[in-house]
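Each chain, letter by letter, is given below.
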Amino acid sequence: MTGLLTNLRNAVITGVVLAALLVVLYAVWGGGFGHSYWAFFFRWLHVLSGVMWIGLLWYFNFVQIPTMPAIPDEQKPAIGKHIAPKALWWFRWGAMSTIVTGLIVAAMNGYILNALTFGLAEGFVRNHVLIGIGMWLGAIMWFNVWFIIWPNQIKALNIDNKHPDLAPEAKAASAKKAMLFSRTNTVLSIPMLFAMVGAQNL
């Protein structure tokens, strides 16, 4: 058991196998694999992706950024060279997976157009408008990750040695811009999650 849990790859594979066993149980209980199952499956992937994305967003904003000033200067390179780039990789791909699976769920359930137009396309449906608000907030957050936060973090942390000669002032400016848009996404994540969960439960 220790060998299983000390290796992340093995632990993730174990989680996938356990989920597959639940699928088998579902099939044994007589559940079909029609449209409703696949709509659920992509919603499950959407939630998994969102947990990765928002979890890392909150890690950056509630843990890493506030803690950095207290870390001794000689220890900061370990964060910038090893932890942050890996976290940012999962962060941006979590964002991409969340938005793609979310659009698939909306399309499969037939409300994508009405949600994205806030009910103007097919008539006002409260839950569609609410999920549309969540979708647009998520899209803004996704844009911030891919086109503002990530490019500025590449400069600030010199990820993949793409900006070795960037002046310290330019690195600091890029780091500040990335932080401000990351903080913006933290602000937007709260109403976004309210809209997403509210559309299913209110």
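Everything that follows concerns the structure shown earlier in this document.
I will try to describe carefully the structure that is included in this document. As the structure is a prediction and not an experimental result, all values here were calculated from the model.

Counting residues in hydrophobic clusters, the biggest one holds 30 residues, and the most contacted among them are Trp 53, Phe 91, Ile 131, Met 141 and Val 145. Of all elements in the fold, only α3 (35–67), α4 (76–108), α6 (126–157) and α7 (168–201) reach the threshold of two or more residues within this core. At 10 residues, α6 tops the list of elements feeding residues into this core. Ignoring any residue separated from it by four or fewer positions in sequence, one finds Phe 91 in contact with Trp 53, Leu 56, Leu 57, Phe 60, Val 145 and Ile 149.

What follows concerns the pattern of salt bridges. Close approach of charged atoms allows side chains with opposite charge to pair. The tally for this structure, following the rule as stated, stands at 1 salt bridge. The partner of Lys 76 in a salt bridge is Asp 73, and the shortest N-O contact between them spans 3.4 Å.

Let us now look at α4. Structural remark: α-helix, 3.6 residues per turn; residues separated by three or four positions point the same way. With 33 residues, α4 ought to run about 48 Å at 1.5 Å a step, and its terminal C-alpha atoms sit 46 Å apart, in line with that. Along α4, the sharpest change in direction is near 35° and occurs at Ile 83; proline Pro 85 comes one to four residues later. Directly beyond the C-terminal end of α4, a positive phi value near 80° is found at Gly 110.

Next up on the list: α3. If you check α3, its first and last C-alpha atoms are 46 Å apart, about what 33 residues at 1.5 Å a residue would give, namely 48 Å. Approximately 35° is the largest bend angle found in α3, and it occurs at Phe 60. Looking only at α3, the buried set comprises Tyr 37, Ala 39, His 46, Ser 49, Gly 50, Trp 53, Ile 54, Leu 56, Leu 57, Phe 60, Asn 61 and Gln 64. Lining the buried residues of α3 we find α2 (8–28), α4, α6 and α7.

In this section: unusual backbone geometry. With the exception of glycine, most residues fall at negative phi, and the peptide bonds are largely trans. A positive phi is found at Asp 160, a non-glycine position, where the angle reads about 60°. For Asp 160, the position within the fold is in the loop between α6 and α7. In this structure, Asn 161 is a non-glycine residue whose phi angle is positive, near 55°. Tracing the backbone shows Asn 161 in the loop between α6 and α7.

Running from amino to carboxyl end, α3 crosses α6 at an angle of 65°, the nearest separation of the two axes being 13 Å. As α3 packs across α6, the resulting crossing turns out to be left-handed. Residue-level inspection shows Trp 53, Ile 54 and Leu 57 of α3 in contact with α6, the latter providing Gly 138, Met 141, Trp 142 and Val 145. Residues that form the contact of α3 with α6 fall into these classes: 6 nonpolar, 1 polar and no charged.

To continue, consider the environment of Ile 148. Within the secondary structure, Ile 148 is located in helix α6. The sequence separation of Ile 148 and Lys 81 amounts to 67 residues, and the corresponding C-alpha distance is 20 Å.

Attention now goes to the side chain of Asn 152. Relative to the helices and strands, Asn 152 resides in helix α6. Only 3.5 Å separates the side chain of Asn 152 from the side chain of Ser 174, close enough to count as a polar contact. Apart from residues no more than four positions distant in its own chain, Asn 152 is found in contact with Ser 174, Lys 177 and Ala 178.

Next up on the list: a nonpolar patch on the surface. Taken together, the side chains of Leu 22, Val 24, Leu 25, Val 28 and Trp 29 present a nonpolar region at the surface, about 570 Å² in accessible area. Counting through the fold element by element, Leu 22 comes out in helix α2.

For the rest of this paragraph, the subject is the packing of α6 against α7. Contact pair α6 / α7: the axes reach a minimum separation of 8 Å and the direction vectors enclose 160°. Here α6 lies roughly antiparallel to α7, going by the angle between them. Seen along the crossing, α6 lies across α7 with a hand that is left-handed.

Along the chain, Ile 54 turns up in helix α3. As for Ile 54 and Ala 95, which are separated by 41 residues in sequence, their C-alpha atoms are 8.2 Å apart. Once you skip the residues sitting within four places of it in the chain, Ile 54 turns out to touch Met 141, Ser 189, Met 192 and Leu 193.

So, how was this worked out
Residues numbered from 1 in each chain as written. Predicted model: local features only at pLDDT ≥ 70, side-chain atom pairs only at ≥ 80, totals over all residues. Heavy atoms only, no water. Core = buried A, V, L, I, M, F, W, Y, C linked by side-chain atoms within 4.5 Å. Buried < 20%, exposed > 50% of the residue type's maximum accessible area, 1.4 Å probe, protein only. Helix = DSSP H or I, 4+ residues; strand = E, 2+ residues; numbered from the N terminus. Contact = heavy atoms within 4.5 Å. Salt bridge = Lys/Arg side-chain N within 4 Å of Asp/Glu carboxyl O. Expected span 1.5 Å × (residues − 1). Bend = angle between axes of the 7 residues up to and from the residue. Axes fitted to C-alpha atoms, helices over the stretch in contact; angles between N-to-C directions. Left-handed = near helix turned anticlockwise from the far one by under 90°. Nonpolar A, V, L, I, M, F, W, Y, C, P; charged D, E, K, R; others polar. Polar contact = N/O pair within 3.5 Å; in protein donor to acceptor, adjacent residues only side chain to side chain. Patch = residues over 30% accessible without salt bridge, like charges linked within 9 Å, V, L, I, M, F, W, Y side chains within 5 Å. Areas by Shrake-Rupley, 256 points an atom, 1.4 Å probe, with all protein chains shown as cover. Parallel < 35°, antiparallel > 145°, perpendicular 65-115°, else oblique.

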